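Each chain, written out:
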Amino acid sequence: MSSFADFQNEIYLNGLGDVLPGLPTDLTRLERLARKRLSPGAHGYVAGSAGTGATARANREAFDRWRIVPRMLRDVTVRDLSVEVLGASLPAPVLLGPVGVLSIVHPDGELAVARAASALNVPMVLSSAASYTIEEVAEAGGEGPRWFQLYWPKDPEIAASFLGRAKAAGYTALVVTLDTPMLGWRPHDLDQAYLPFLRGIGVANYFSDPAFLKGIGGSVGADRSTALLHWAAIFGNPAVTWDDLGFLREHWDGPIVLKGIQHTDDARRAVDAGIDGVIVSNHGGRQVDGAVGALDMLPEVVAAVGERTTVLFDSGIRSGADVVKALALGARAVLVGRPYAYGLGLAGEAGVRHVLRCLMAELDLTMALSGITRPADLTPEFLRGP
Ligand SMILES: Cc1cc2nc3c(=O)[nH]c(=O)nc-3n(C[C@H](O)[C@H](O)[C@H](O)COP(=O)(O)O)c2cc1C
Ligand SMILES: CCCCCCC(=O)C(=O)O
């Protein structure tokens with residue numbers, strides 16, 4: 001029996017109060033609790049999305065259109081949720097996706113996330129825009145698996161420096177986010193005048209970086225406004241194109257994954273360029289309003305490049321059943337976004353552990369009750385859809 005099944009037994013035998021920090025086990029209810037407990041600004045920033053919110057809604061609607069068709073009498077006594085992703089063995093097909101500025105929801109921010117991830121041996125993808133540095137988060141995570149996410153800055157020296165720091169601190173894979181050369185139009189944050197960066201949150205990696213500091217005369221100084229303006233000037237690089245991918249390979253010798261892929265042609269170009277994996281994602285609907293639901297694009301991308309590369313998925317995962325659907329449509333593993341930020345905001349490290357354990361226990365049960373014992377056995381056959 002897997003440890004997630006043990007977790008489930010623990011719940012049924014001991015009662016929720018004994019094993020959980022009093023949080024809902026349904027991640028959509030957890031989200032509603034976070035709305036009540038977090039500050040309106042922080043909650044709004046995490047929950048928010050681009051424009052009218054149409055893409056974020058499309059992400060969920062896409063999951064609702066696919067339904068699981070459970071199979072019977074298949075001996076599901078012994079299950080194994082583990083998967084191989086880019087040469088590493090994961091206990092389950094789940095990673096913590098890159099979520100920046102996490103100290104807006106909890107003072108321990110990414111440090112608490114790293115501890116929770118490490119405790120469960122789940123890879124954490126650390127954002128360039130984290131509230132703590134690459135090195136601080138690595139130390140908090142100890143031996144736990146960690147990946148680094150790059151927002152490709154205008155200054156190549158800073159990009160190279162980030163990659164060198166990440167390598168030295170034990171991050172094993174690189175995720176390069178392509179969908180955010182600039183922040184999307186997010187009316188809620190604009191109306192609330194709540195942008196973490198203007199408060200100096202999310203810039204820890206930049207303000208601690210020798211290449212960044214060189215651009216502002218060597219140090220941040222008491223008045224951080226010069227440094228923040230410089231940060232705003234270099235943060236995103238809307239000029240990068242497919243021709244620039246070689247830069248990444250020159251500075252990173254481990255696996256490279258491109259995040260934000262939504263079109264089959266882009267997926268093919270990535271693979272042709274020697275990239276090791278793609279993440280089908282629309283940034284949780286935070287960038288382009290009126291875009292297609294991320295899950296709607298997954299089958300096409302898998303059909304185009306699934307045999308040649310590792311396809312991962314995020315945007316809209318809220319339950320174990322959602323993980324089953326994404327895997328059945330060809331994702332090797334999924335990344336969780338907002339739910340763990342809510343767990344962190346509600347209960348710190350324990351809250352992140354809670355979210356992971358609930359998701360994995362529900363995944364284990366949903367697989368078992370659908371007649372599946374290993375993620376690799378999940379195929380589109382188990383779904384009915386559009
Ligand atoms: C508050 C917040 C901050 C985020 N920061 C980053 C980031 O720094 N880098 C990145 O690649 N994606 C970032 N994302 C996007 C997530 O990695 C992921 O694509 C998205 O949250 C998935 O959608 P979901 O939250 O609806 O599951 C962020 C998302 C949120 C909600
Ligand atoms: C100025 C852009 C910083 C973005 C960091 C957080 C993020 O990706 C988000 O979606 O919010």
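So, a few notes on the structure that sits alongside this text. (Residues numbered from 1 in each chain as written. Chains lettered and ligands numbered in written order. Predicted model: local features only at pLDDT ≥ 70, side-chain atom pairs only at ≥ 80, totals over all residues. Heavy atoms only, no water.)

This brings us to the site of ligand 2. As a matter of local geometry, ligand 2 sits amid Y45, A129, Y151, L183, R186, F197, W231, F235, H283 and R286. Residue R186 places a side-chain N or O atom 2.8 Å away from an oxygen atom belonging to ligand 2. R286 places a polar side-chain atom, nitrogen or oxygen, 2.9 Å from an oxygen atom of ligand 2. Considering ligand 2 on its own, with 340 Å² of exposed area, one finds that the protein chains cover 91% of that surface. Here ligand 2 is seated within the largest pocket. The residue inventory of the shell around ligand 2, partitioned by class, reads 7 nonpolar, 1 polar and 2 charged. (Near = heavy atom within 4 Å. Polar contact = N/O pair within 3.5 Å; in protein donor to acceptor, adjacent residues only side chain to side chain. Areas by Shrake-Rupley, 256 points an atom, 1.4 Å probe, with all protein chains shown as cover. 1 Å grid on protein atoms, 1.4 Å probe; cavity = no way out; pocket = protein on both sides within 12 Å on 5 of 7 lines; lining within 4 Å. Sits in = over half its atoms within 2 Å of the grid points. Nonpolar A, V, L, I, M, F, W, Y, C, P; charged D, E, K, R; others polar.)

The next subject is empty space enclosed by the protein. If a probe the size of a water molecule is rolled over the atoms, the empty space left behind becomes visible. Going through the model one piece at a time under the given rule, you end up with 1 cavity of 30 Å³ or more. Considered as a void within the structure, the largest cavity measures approximately 50 Å³ in volume. As for the largest cavity, its lining consists of A114, A117, S118, V122, M124, V137, G141, G144, P145 and R146. Among the elements of the structure, α6 (109-120) and α7 (134-141) are those that each provide at least two residues to the lining of the largest cavity. Top contributing element to the lining of the largest cavity by residue count: α6, with 3 residues. Residue classes in the lining of the largest cavity are distributed as 6 nonpolar, 3 polar and 1 charged. (Points joined across faces, edges and corners; volume = space filled by probe spheres on them. Helix = DSSP H or I, 4+ residues; strand = E, 2+ residues; numbered from the N terminus.)

Moving on: helix α16 (residues 320-328). With 9 of its 9 residues buried, α16 lies for the most part within the structure. Considered for burial, the residues of α16 that qualify are G320, A321, D322, V323, V324, K325, A326, L327 and A328. Of the residues trailing α16, G330 is marked for its positive phi of about 115°. (Buried < 20%, exposed > 50% of the residue type's maximum accessible area, 1.4 Å probe, protein only.)

What follows concerns the site of ligand 1. Neighbouring ligand 1 are 21 residues; P98, S127, T177, R318 and R338 lie closest to it. With respect to ligand 1, the side chain of R318 contributes an N or O atom lying 2.8 Å from an oxygen atom. Its atoms largely coinciding with the cavity grid, ligand 1 occupies the largest pocket. A class-by-class count of the residues in the shell around ligand 1 yields 6 nonpolar, 10 polar and 5 charged.

What follows is about the packing of aromatic side chains. For the structure shown, the criterion picks out 13 aromatic pairs. Residues Y45 and F197 carry aromatic rings whose centres are separated by 6.3 Å and whose planes lie at 75° to one another, so their mutual orientation is edge-to-face. Here Y45 is found in helix α4 (residues 40-47), whereas its partner F197 is found in the loop between α9 (187-192) and α10 (204-207), with 152 residues between them in sequence. Judged on exposure class, the residue Y45 and its partner F197 are both buried. Ring geometry for F162 versus Y206: centroids 5.0 Å apart, planes at 65°, classification edge-to-face. (Phe/Tyr/Trp six-rings, centres within 6.5 Å; stacked < 30°, edge-to-face > 60°.)

Structurally, N205 is set in helix α10. If near-sequence neighbours (up to four positions away) are discounted, N205 is found in contact with S127, S128, A130, Y132, T133, I134, F162 and R165. (Contact = heavy atoms within 4.5 Å.)

Right, let's talk about the pairing of strand β6 (residues 146-150) for a bit. Among the 5 residues in β6, 5 count as buried, and that is most of the element. Of the two faces of β6, the one carrying R146, F148 and L150 and the one carrying W147 and Q149 are both buried. In the sheet, strand β5 (residues 124-126) pairs with β6 via 3 bridges, with the strands oriented parallel. Among the inter-strand pairings, L126 is bridged to a residue of β6, identified as F148. Tracing the backbone out of β5, into α7 and back to the parallel element β6 gives a crossover that is right-handed. Where β6 and strand β7 (residues 173-177) come together, 4 bridges link them in parallel fashion. (Pairing = 2+ DSSP bridges. Right-handed = clockwise from strand over helix to strand, strands pointing away.)

Turning our attention to the layout of surface pockets. Considering only enclosed or pocket space, the largest pocket measures out at about 910 Å³ in volume. Those elements that place two or more of their residues in the lining of the largest pocket are α4, α9, α12 (225-234), β11 (333-336) and α17 (338-369). At 5 residues, α12 tops the list of elements feeding residues into the lining of the largest pocket. Of the residues assigned to the lining of the largest pocket, the class counts are 24 nonpolar, 14 polar and 7 charged. Counted as a void, the second largest pocket has a volume near 460 Å³. When contributions to the lining of the second largest pocket are tallied by element, the ones reaching two or more residues are α3 (27-37), α4, α5 (54-65) and α17. When the residues that make up the lining of the second largest pocket are grouped by side-chain class, the tally is 4 nonpolar, 11 polar and 6 charged.

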